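Observations on the three-dimensional arrangement
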Number of protein chains: 2
Amino acid sequence: MTGQHTFPKRITVLSGGVGGARFLEGLLRLVARRGFEPWTGSTDGEVPDGRVQITVVANTGDDLRLHGLLVCPDLDTVMYTLGGGIDRDRGWGRSQETWNAKEELTHYGVGLPWFGLGDRDLATHLARTQLLAEGRSLSEATEVLCRRWNPGVRLLPMSDDRIETHVLITNPASGERENVHFQEYWIRYGAAVPAFAITPQWAEHAKPAPGVLEAIDNADVVLLPPSNPVVSIGTILSVPGIAETLKGCPAPVIGVSGIIGSDHVRGMARQLLEVVGVEVSAAGVAAHYGSRTSGGLLDGWLIDSSDAAQLPRIEALGIRAEAVPLWMTEPDVTADMVAESLRLASR
Amino acid sequence: MTGQHTFPKRITVLSGGVGGARFLEGLLRLVARRGFEPWTGSTDGEVPDGRVQITVVANTGDDLRLHGLLVCPDLDTVMYTLGGGIDRDRGWGRSQETWNAKEELTHYGVGLPWFGLGDRDLATHLARTQLLAEGRSLSEATEVLCRRWNPGVRLLPMSDDRIETHVLITNPASGERENVHFQEYWIRYGAAVPAFAITPQWAEHAKPAPGVLEAIDNADVVLLPPSNPVVSIGTILSVPGIAETLKGCPAPVIGVSGIIGSDHVRGMARQLLEVVGVEVSAAGVAAHYGSRTSGGLLDGWLIDSSDAAQLPRIEALGIRAEAVPLWMTEPDVTADMVAESLRLASR
């Protein structure tokens with residue numbers, strides 16, 4: 001950052017779905033509150049005065065091939081949320097949605113009855129699939145889709161290559177162990193079946209999407225929202241080069257805990273942390289990410305006020321920490337929390 | 001046929017979209033009126049007494065790859081019409097349809113704005129595409145889709161191989177000649193641009209779908225409904241083996257004219273007949289198909305009462321002909337017309 005009281009011009013955020021999207025909503029609210037405007041123009045030169053460039057690197061490990069279409073839940077949740085197209089009650093999918101195609105698929109007995117596929121949402125997958133078929137990369141297709149939504153951020157997939165998070169579970173019907181797509185574990189089984197391993201399939205052969213490493217290297221601050229540390233942030237970090245670049249980038253890296261007390265705020269992080277053997281607490285996740293002073297990722301870690309007793313333990317790891325209210329109940333409240341993360345960055 | 005007053009047990013119909021579907025509706029009405037029930041069980045043994053097996057060989061040259069999905073307009077029109085799912089006013093697509101996905105695609109500026117892609121209809125294409133991706137042939141996928149609709153007929157695509165009808169037109173914007181997909185000529189341009197050639201692309205490498213040739217060879221009567229002689233029946237006949245089998249099959253082949261006076265009843269057959277140099281009249285199309293007595297396709301040809309003056313000319317070709325009312329205004333009226341075609345078969 002260029003100074004303690006100057007708002008950062010370039011902010012890079014690693015994001016999963018709902019939690020990341022709400023965090024970004026708060027960030028954009030804060031940007032507006034400080035009198036700045038989002039900059040989504042050229043990334044080559046300087047960001048003009050009065051503008052803030054926010055780059056979002058989104059998890060694509062939840063992506064699903066369904067009926068020949070590519071479905072990207074996290075990219076879409078961020079795009080819809082920031083573009084005003086989200087269903088606010090569900091937190092995912094389109095507002096004013098209808099479910100006629102899904103109803104018909106049920107009549108045909110084809111498809112995944114547990115997967116929410118709304119008619120308006122379908123158009124996003126149809127458009128994306130067509131753009132890919134025409135030879136565009138996922139980054140390029142995402143850019144085209146964002147022209148309709150104007151999310152106020154530059155939205156990048158973590159990679160243009162196919163990566164799928166697989167979960168080794170005990171199949172509740174057969175009793176056999178099997179690897180299933182993360183969405184099947186998450187939505188079909190509600191993360192309520194025994195799980196033993198989480199694998200970002202094909203990640204070792206993947207490359208970060210164009211602009212991802214540069215966005216981290218050129219940032220004034222890098223923020224990790226309270227997204228799932230295992231299957232959102234963890235999957236992004238599994239793309240070769242991203243974790244290394246974060247560890248070495250000049251900007252401070254500040255995270256926000258998705259764990260309050262001994263459970264997640266939303267989603268199912270608790271179950272997944274248990275699978276990978278991480279203590280389910282704000283301090284446990286901080287230790288899992290590690291301090292940059294000792295080869296880890298974090299310069300700072302924001303935890304909930306109710307977990308303030310954990311502050312000394314986190315500081316002892318070499319990570320600056322603050323305890324503030326973390327519940328993202330509405331964008332103005334979230335903006336306050338984001339302001340605290342930026343304050344921590346410049347501490 | 002086994003006798004003049006016996007209803008045929010096996011009827012094979014070559015069909016395009018709307019015209020063929022309405023003809024089949026009339027055929028099924030006639031079957032019911034005569035006290036028979038459709039037989040859609042095994043095709044191996046005998047058709048049980050009291051049952052009539054109707055096999056439909058549908059044109060797939062209008063099929064379209066769109067957003068990664070395979071759209072089969074003629075298969076779907078027949079399936080929806082006979083299964084009670086058609087929008088009767090439009091004649092194509094699903095009843096109680098919504099258009100939310102299409103509206104969103106327009107916002108994205110992706111896709112074909114002139115192509116009708118309803119939300120319920122989309123489910124058929126999604127299901128079909130998934131079935132194909134799982135390794136099923138188009139015939140097999142069609143069979144699965146028909147389980148939901150119970151059309152009362154065995155619905156076969158003319159081929160499991162990709163065939164696309166292309167039309168050489170003058171592009172109205174550039175003035176250049178170009179080959180476009182039939183749907184683009186038909187729907188986007190309303191068949192109102194100059195056209196010079198019609199090609200069933202890749203047909204020469206295609207094989208008839210399993211059961212197609214057998215259905216023709218084993219039929220008691222083969223019927224050609226008033227479907228488009230160029231791009232519906234003509235495209236089916238372009239699949240190697242189908243025209244040859246029709247010419248040699250033991251059953252009578254009876255056609256119904258889609259031309260009344262000097263224009264089509266529905267669709268745009270007139271324009272297409274002009275492209276291929278066929279006289280736009282009932283007798284002109286009969287001559288185009290030709291008589292089986294001289295290497296052609298037809299044993300009989302049903303024309304509209306208003307064209308009765310053409311009867312001698314058609315009979316002179318060696319084709320039995322009758323003039324009866326051909327307007328398929330409702331299934332009971334159509335059933336009368338179909339009864340006339342069967343009477344002509346046993347004449």
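On a predicted model such as this, the values are computed, not experimentally measured, just so you know.

This next bit is on the packing of aromatic side chains. Counting across every chain of the model gives 12 aromatic pairs over all chains. Both rings, one in Y80 of chain B and one in W149 of chain B, keep their centres 5.5 Å apart while their planes meet at 65°; by these two values the pair is edge-to-face. Of this pair, Y80 of chain B sits in helix α2 (residues 73-83) while W149 of chain B sits in helix α5 (residues 138-149), and the two are 69 residues apart along the sequence. With a relative accessible area of 1%, Y80 of chain B lands in the buried category. Seen in terms of ring centroids, W92 of chain B and W99 of chain B are 6.4 Å apart; in terms of plane orientation they differ by 75°. Their pairing is edge-to-face. For R90 of chain A, the ring lying beneath its charged end belongs to W92 of chain A, and the centroid distance is 4.6 Å.

Attention shifts here to the sheet that holds strand β8 (residues 177-181) of chain B. The pairing of strands in a sheet comes from backbone hydrogen bonds and takes either a parallel or an antiparallel form. Residue and element names in this part refer to chain B. The three strands are arranged β8-β7-β9 in an open sheet whose pairing can be described as antiparallel. The sheet terminates laterally at β8 and β9 (195-201), the two strands that pair on one side only. Here the strands of the sheet are splayed against their neighbours by 25° on average, with no regard to which way each runs. With five bridges joining them, strand β7 (residues 164-170) and β8 adopt antiparallel strand pairing. Note that in β8 the partner of H166 across the bridge is H181.

All right, on to the interface of chain A and chain B then. The interface of chain A with chain B comprises 29 residues on the first partner and 29 residues on the second. Summing both sides of the interface, chain A and chain B together bury roughly 2,600 Å²; the carbon and sulfur share of this comes to 60%. For the chain A face of the interface with chain B, the top three residues by lost area are Y108, L126 and R148 of chain A, together amounting to 26%. Our count for the contact surface shared by chain A and chain B stands at eight salt bridges. Of the charged contacts in the structure, one is a salt bridge between R148 of chain B and E104 of chain A, with a shortest N-O distance of 2.5 Å. In this assembly, chain A and chain B are joined by 20 residue pairs in polar contact (both at pLDDT 80 or more). Within the residue set of the side of chain A that touches chain B, elements represented by two or more residues are α2 (73-83), α3 (100-108), α4 (119-133) and α5 (138-149) of chain A. Element by element, the count of residues in the side of chain A that touches chain B is highest for α4 of chain A, at 10 residues.

A complete count under the given rule lists 42 salt bridges over all chains for this structure. Between E315 of chain B and R347 of chain B there is a salt bridge, and its shortest N-O distance comes to 3.2 Å. Here E315 of chain B is found in helix α12 (residues 311-316), whereas its partner R347 of chain B is found in the segment after α13 (331-345), with 32 residues between them in sequence. For E315 of chain B, a relative accessible area of 34% puts it in the partly exposed group. Connected through salt bridges with shared partners, the residues R94, R120 and R148 of chain A together with E103 and E104 of chain B form a single ionic network.

Below, the discussion takes up the pairing of strand β3 (residues 51-58) of chain B. All names here are of chain B. Counting buried positions over the eight residues of β3 gives seven, a clear majority of the element. In this sheet, β3 lies alongside strand β1 (residues 10-15) in parallel orientation, the contact comprising six bridges. In the sheet register, S15 faces β3, and the bridge partner there is A58. Pairing of strand β2 (residues 37-38) with β3 involves two bridges; the strand directions are parallel. Across the sheet, E37 pairs through a bridge with R51, a residue of β3.

Residues and elements named next belong to chain B. At a closest axis distance of 7 Å, the pairing of helix α1 (residues 18-33) and α13 adopts a crossing angle of 80°. Between α1 and α13, the angle is such that the two are roughly perpendicular. When α1 is examined against α13, the residues R22, F23, E25, G26, L27, R29, L30 and R33 are found in contact with a partner set consisting of P331, D332, T334, A335, D336, M337, V338, A339, S341 and L342. Partitioned by chemical class, the residues of the contact of α1 with α13 number nine nonpolar, three polar and six charged.

This part is about the sheet that holds strand β9 (residues 195-201) of chain A. Residues and elements named next belong to chain A. Pairing is antiparallel in the open sheet, where three strands are placed in the order β8-β7-β9. Here the strands that pair on one side only, and so sit at the sheet edges, are β8 (177-181) and β9. Taken pair by pair, the neighbouring strands of this sheet meet at an average axis angle of 25°, ignoring direction. Looking at chain direction, strand β7 (residues 164-170) and β9 are connected through six bridges and run antiparallel. The residue of β9 that forms the bridge with L168 is A197.

Another point: the relation of the copies chain A and chain B. Overlaying chain A on chain B yields an RMSD of 0.0 Å, the required transformation being a rotation through 180° with an accompanying axial translation of 0.0 Å. The operation mapping one copy onto its partner corresponds to a two-fold rotation axis. The fraction of interface residues of chain A whose copies in chain B are also interface residues reaches 100%, indicating that both copies meet through the same surface.

This part covers the domain arrangement of chain A. All names here are of chain A. We note that the domain assignment places domain 1 (1-162 + 208-268 + 280-347) and domain 2 (164-204) within chain A. Contacts between the two partners involve 17 residues from domain 1 and, on the opposite side, 17 residues from domain 2. Taken over both partners, the interface formed by domain 1 and domain 2 buries close to 1,500 Å², and the fraction arising from carbon and sulfur atoms is 66%. Three residues stand out in domain 1 for area buried against domain 2, namely W114, R162 and M268, and they jointly supply 43% of the buried area on that side.

The next thing to look at is the environment of A309 of chain A. Within the secondary structure, A309 of chain A sits in the loop between β14 (300-304) and α12 (311-316). Once the C-alpha coordinates of A309 of chain A and A323 of chain A are considered, the two residues, 14 residues apart in sequence, prove to be 9.0 Å apart.

Residues and elements named next belong to chain A. A residue-level look at chain A finds 99% of positions with pLDDT of 70 or above and a mean pLDDT of 94. Per-residue pLDDT stays below 50 along residues 1-5; that stretch engages in eight contacts with residues further than four places along the chain or on separate chains. At the level of chain-chain contacts, confidence expressed as ipTM amounts to 0.90, with global pTM at 0.91.

Tracing the backbone shows D76 of chain A in helix α2. For D76 of chain A, the contacting residues outside a window of four places in its chain are T81, D121, T124, H125 and R128 of chain A.

Residue and element names in this part refer to chain B. Positionally, T12 belongs in strand β1. Classification of T12 as buried rests on a relative accessible area of 2%. Reaching out from T12, the side chain makes a polar contact with the backbone oxygen of A215 at a distance of 2.7 Å. For T12, the contacting residues outside a window of four places in its chain are T55, V57, A215, I216, A219, V221, V222 and L223.

On to helix α3 (residues 100-108) of chain B. Among the residues making up α3 of chain B, those that are buried are N100, A101, E104, L105 and Y108 of chain B. One side of α3 of chain B carries all its buried residues, which in axial view fall inside an arc of 140°. On its buried face, α3 of chain B sits against α2, α4 and α5 of chain A together with α4 (119-133) of chain B. One or two positions beyond α3 of chain B, positive phi appears at G109 of chain B, with a value near 70°.

A few words on the pairing of strand β10 (residues 221-224) of chain A. All names here are of chain A. The alternating pattern of β10 places V221 and L223 and V222 and L224 on opposite faces, both of which are buried. As judged from the three bridges shared by β10 and strand β11 (residues 253-256), these two strands associate in the parallel manner. Bridge assignment links L224 to a residue of β11, and that residue is G255.

What counts and what doesn't
Residues numbered from 1 in each chain as written. Chains lettered and ligands numbered in written order. Predicted model: local features only at pLDDT ≥ 70, side-chain atom pairs only at ≥ 80, totals over all residues. Heavy atoms only, no water. Phe/Tyr/Trp six-rings, centres within 6.5 Å; stacked < 30°, edge-to-face > 60°. Helix = DSSP H or I, 4+ residues; strand = E, 2+ residues; numbered from the N terminus. Buried < 20%, exposed > 50% of the residue type's maximum accessible area, 1.4 Å probe, protein only. Lys NZ or Arg CZ within 6 Å of the ring centre and 35° of its normal. Pairing = 2+ DSSP bridges. Axes fitted to C-alpha atoms, helices over the stretch in contact; angles between N-to-C directions. Contact = heavy atoms within 4.5 Å. Buried area = accessible area lost by both parts, 1.4 Å probe. Salt bridge = Lys/Arg side-chain N within 4 Å of Asp/Glu carboxyl O. Polar contact = N/O pair within 3.5 Å; in protein donor to acceptor, adjacent residues only side chain to side chain. Parallel < 35°, antiparallel > 145°, perpendicular 65-115°, else oblique. Nonpolar A, V, L, I, M, F, W, Y, C, P; charged D, E, K, R; others polar. Least-squares fit on C-alpha atoms with pLDDT ≥ 70 in both. Domains from an automatic or database assignment. pLDDT = per-residue confidence, 0-100. Arc of directions from axis to C-beta.

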